[in-house]
Amino acid sequence: MSRPTPLHEVHKSLGATLTDFAGWLMPLRYGSESAEHTAVRTAAGLFDLSHMGEIHVTGPGAAAALDYALVGNLGALEPGRARYTMMCDADGGIVDDLIVYRLAADEFMVCANASNYPRVARELTDRAKDLDAVVDDRSDSYALLAVQGPRSQEIVAKLTDADLANLKYYTGLPGTVAGVGALIARTGYTGEDGFELFVSAGDAVTLWDALMEAGAAEGLVPAGLSARDTLRLEAGMPLYGNELTSATTPMDAGLGRVVRFDKPGDFVGRAALDGAEPGKRLVGLVMKGRRVPRHGFAVVDADGAVVGEVTSGAPSPSIGRPIAMAYVTATPAAVDIRGSHEPVDVVDLPFYRRKK
Amino acid sequence: MSSIPDELSYTKEHEWVAGIDDGLTVTVGITAYASEQLGDVVYVQPPEVGSSIEVGDAVGEVESTKSVSDIYAPVGGEVTAVNSAVVDDPSLVNSDPYGEGWLFQVRVAGAPEDLLTAEEYTALISGDS
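The sections below set out a description of the structure shown in this document. Note that the structure is predicted; figures quoted are calculated from it, not measured.

**Digging into helix H4 (residues 117-127) of chain A**
Those residues of H4 of chain A that sit buried are Tyr117, Val120, Ala121, Glu123, Leu124 and Arg127 of chain A. Around the axis of H4 of chain A, the buried residues are gathered within 165° of arc, so they sit on the same side.

What follows is the structure in structure tokens.
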């Protein structure tokens, strides 16, 4: 039985198509997912991301605990800033990709994927056990709403006194939105400007309703997981379970930069990752035809030999053709779509980059 | 509740069949319910004109953002026409599933079997959800 989010009744009243995702009952789409995608690219979309995990790490040893537990240099993060990072196993495999917000000198919030946060919380607790830090999984008490798209700032600004114009990308500050206490973060997973608003679960409906009303004139629409997936895919952002798995290193995913060998001290995965060469290469594929490559489909070279596998694929509203990310060990020429080799163009990631 | 026109026949695979009463040539599409379940349709591959199809054959594909479904032949016979407009603009399956979004026509050979009435199809999808 899937868990409903604090916004479940709102989704039902909007006529959402619901889907199970990582044990949660989530809105897949409210109407046309392509229209939701386009709204985020051109105006704004409102997402319920309450399935995500929020784990607080506090205490004098909090920075040291995260520097040991994660591959990033969190001790160097200024309060109010956020960083994209990963947790790896001792063998270098990825446990989860994370955004860590430094709320204060001795307080961090780790935002983890729905499918992984119980494991991330356990690992953080275990990895921090010899350090002066407390790990507290507060996921159940949070709701997370994201406003994404070029009109996001105008919409959120109607509901807060916070200085959004000076809130830079990958920063997060406590504030009030629509009368509700929130961590206001300028982060997202769509390739657009936008905000993620972490609030108490009990405030989720109040904030949702206020955002919908404030955004009506700006073209804000509710957007589901289907649009979120095509938006992040166009933006070349990896998804845990697809591009990122326990059998994948950050280097494989082309994200070796997140592993900070220059930070002081040991960290879980350092020995395995130091000097590691990627075993495969993550590439972008644009289909020449109209059939859609899907997760798990074989990628073949010009001779028809299998050289890799599609990790994510979808029709791309922005490009007008199907796109995919795939791990390959040689130059791809086609994707095997139900027995037919459908030709591809190999492109640099991301597929889509917003105009600044 | 999705629209389910009374005058059409239906299959368990969520296709509709029109013109079954004259027994000669029928038109086939997918139901409004199916198009809603699929989400935005992005690709349609109908069968080839002139091909012979038998009941239950997978004769084409309807692909949406999230999934792909086979089109099963609801009747046997010869494919006499396919809707090129829906190949060019697959969103017609969503916007007008019983009209502009039709998929193909078949000159029926033999009596079709096991088609559902609108009432029976309504009961089927009520059980689905």
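Back to the text.
**Looking at the pairing of strand S6 (residues 82-88) of chain A**
Residues and elements named next belong to chain A. Counting buried residues in S6 gives five out of seven residues, a clear majority hidden from the surface. Pairing geometry for S6 and strand S7 (residues 94-104), over seven bridges, is antiparallel. Within S7, the residue paired with arginine 83 across the bridge is valine 100. Two successive antiparallel strands, S6 and S7, enclose a turn made up of five residues, where glycine 92 displays a positive phi of approximately 90°.

**With respect to the interface of chain B and chain A**
Taken together, the contacts link 18 residues of chain B with 15 residues of chain A. Carbon and sulfur atoms make up 39% of the area that chain B and chain A hide from each other, which totals about 1,300 Å². Among the residues chain B hides against chain A, the three largest losses belong to Asp40, Thr65 and Lys66 of chain B. Together they make up 42% of the total. At the junction of chain B and chain A, the tally comes to five salt bridges. A salt bridge links lysine 66 of chain B to aspartate 229 of chain A; the nearest nitrogen and oxygen atoms lie 3.3 Å apart. Linking chain B with chain A are 15 residue pairs in polar contact (both at pLDDT 80 or more). Mapped by element, the contributors of at least two residues to the side of chain B that touches chain A are helix H1 (32-38), strand S4 (41-45), strand S6 (58-64) and helix H2 (84-88) of chain B.

**Section: the sheet that holds strand S14 (residues 220-222) of chain A**
In any sheet, the strands associate via hydrogen bonds between backbone groups, in a parallel or an antiparallel arrangement. Residues and elements named next belong to chain A. Strand order across the open sheet formed by six strands is S11-S12-S13-S10-S4-S14, with mixed pairing between neighbours. Edge positions in the sheet fall to strand S11 (172-177) and S14, since each of these pairs with one other strand and no more. The average angle at which neighbouring strand axes cross in this sheet is 25°, direction not considered. Against the sheet, helix H6 (residues 204-215) touches strand S4 (44-48), strand S10 (142-148), S11, strand S12 (180-185), strand S13 (194-200) and S14, its axis set at about 10° to S10.

**Comments concerning the environment of alanine 69 of chain A**
All names here are of chain A. With respect to the secondary-structure elements, alanine 69 resides in helix H3 (residues 62-69). Overall, the relative accessible area of 1% leaves alanine 69 in the buried class. In this structure, the C-alpha to C-alpha distance between alanine 69 and methionine 287, residues 218 residues apart in sequence, is 40 Å.

**Overview of the packing of aromatic side chains**
All names here are of chain A. Counting across every chain of the model gives six aromatic pairs over all chains. Three or more aromatic residues joined by ring pairs make a cluster, and in this case those are Tyr101, Tyr142 and Phe198. In this structure, lysine 263 is placed above the aromatic ring of phenylalanine 267, and the distance from its NZ or CZ to the ring centre is 4.5 Å.

**Brief notes about a negative patch on the surface**
A cluster of like negative charges, contributed by Asp6, Glu7, Glu119 and Glu120 of chain B, occupies part of the molecular surface. Among the structural elements, glutamate 120 of chain B can be located in helix H4 (residues 118-128).

Conventions and cut-offs
Residues numbered from 1 in each chain as written. Chains lettered and ligands numbered in written order. Predicted model: local features only at pLDDT ≥ 70, side-chain atom pairs only at ≥ 80, totals over all residues. Heavy atoms only, no water. Buried < 20%, exposed > 50% of the residue type's maximum accessible area, 1.4 Å probe, protein only. Helix = DSSP H or I, 4+ residues; strand = E, 2+ residues; numbered from the N terminus. Arc of directions from axis to C-beta. Pairing = 2+ DSSP bridges. Contact = heavy atoms within 4.5 Å. Buried area = accessible area lost by both parts, 1.4 Å probe. Salt bridge = Lys/Arg side-chain N within 4 Å of Asp/Glu carboxyl O. Polar contact = N/O pair within 3.5 Å; in protein donor to acceptor, adjacent residues only side chain to side chain. Axes fitted to C-alpha atoms, helices over the stretch in contact; angles between N-to-C directions. Phe/Tyr/Trp six-rings, centres within 6.5 Å; stacked < 30°, edge-to-face > 60°. Lys NZ or Arg CZ within 6 Å of the ring centre and 35° of its normal. Patch = residues over 30% accessible without salt bridge, like charges linked within 9 Å, V, L, I, M, F, W, Y side chains within 5 Å. Areas by Shrake-Rupley, 256 points an atom, 1.4 Å probe, with all protein chains shown as cover. Lys, Arg positive; Asp, Glu negative; His and termini not counted. Charge placed at Lys NZ, Arg CZ, Asp CG, Glu CD.

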